[in-house]
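Notes for the structure review
One-letter residues, chain by chain:
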Amino acid sequence: MFQKTDFWIGLAVGAVAGIFGYRFMQEREAQLAAMQQAAPAAELPIAELQRQKEELEDLIAAQEAKKASK
């Protein structure tokens, strides 16, 4: 079993894949933790939300006018 080349190749590939998978999961957990910490601080004031709402309504009206003129 330990004399077969396929075994050692499979073991090496599995170890490398495991290391990369572990590092990927650690990075994803760090990103998730950073996003969760930033979420409460990211609350927008009402005035900013109203401005964004008006901007979206203007974009919607422009799209509808463009569609109606075709």
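Reading the values: the criteria
- Residues numbered from 1 in each chain as written.
- Predicted model: local features only at pLDDT ≥ 70, side-chain atom pairs only at ≥ 80, totals over all residues.
- Heavy atoms only, no water.
- Helix = DSSP H or I, 4+ residues; strand = E, 2+ residues; numbered from the N terminus.
- Areas by Shrake-Rupley, 256 points an atom, 1.4 Å probe, with all protein chains shown as cover.
- Lys, Arg positive; Asp, Glu negative; His and termini not counted.
- Charge placed at Lys NZ, Arg CZ, Asp CG, Glu CD.
- Phe/Tyr/Trp six-rings, centres within 6.5 Å; stacked < 30°, edge-to-face > 60°.
- Buried < 20%, exposed > 50% of the residue type's maximum accessible area, 1.4 Å probe, protein only.
- Salt bridge = Lys/Arg side-chain N within 4 Å of Asp/Glu carboxyl O.

The next point concerns the overall build of the chain. If you tally the helices and strands in the chain, you get two helices and zero strands. Expressed along its principal axes, the backbone C-alpha trace of the chain runs to roughly 75 × 40 × 10 Å. With an accessible surface of roughly 6700 Å², the chain has 64% of that area assigned to carbon and sulfur atoms. Each charge class in the chain can be summarised by its mean position, and for the 8 positive and 10 negative side chains these summaries are 9 Å apart.

Overall, the coordinates contain one aromatic pair when judged by the stated rule. Taken together, a centroid distance of 5.1 Å and an interplanar angle of 75° make the contact between Phe-7 and Trp-8 edge-to-face. You can call Trp-8 partly exposed: its relative accessible area is 43%.

With the rule as written, the count across this model stands at two salt bridges. A salt bridge links Arg-51 to Glu-48, with the nearest nitrogen and oxygen atoms 2.8 Å apart. With a gap of three residues between them, Arg-51 and Glu-48 both fall in helix α2 (residues 46-69), about one helical turn apart. A relative accessible area of 41% means that Arg-51 is categorised as partly exposed. Take Glu-48: its relative accessible area is 24%, and that puts it in the partly exposed class.

A word on the environment of Ile-60. Take Ile-60: it is sitting in helix α2. Taking C-alpha positions, Ile-60 is 36 Å from Arg-28, a pair spaced 32 residues apart along the chain.

With that settled, consider the environment of Gln-50. By secondary structure assignment, the location of Gln-50 is in helix α2. Sequence separation between Gln-50 and Met-25 is 25 residues, and the spatial gap between their C-alpha atoms is 38 Å.

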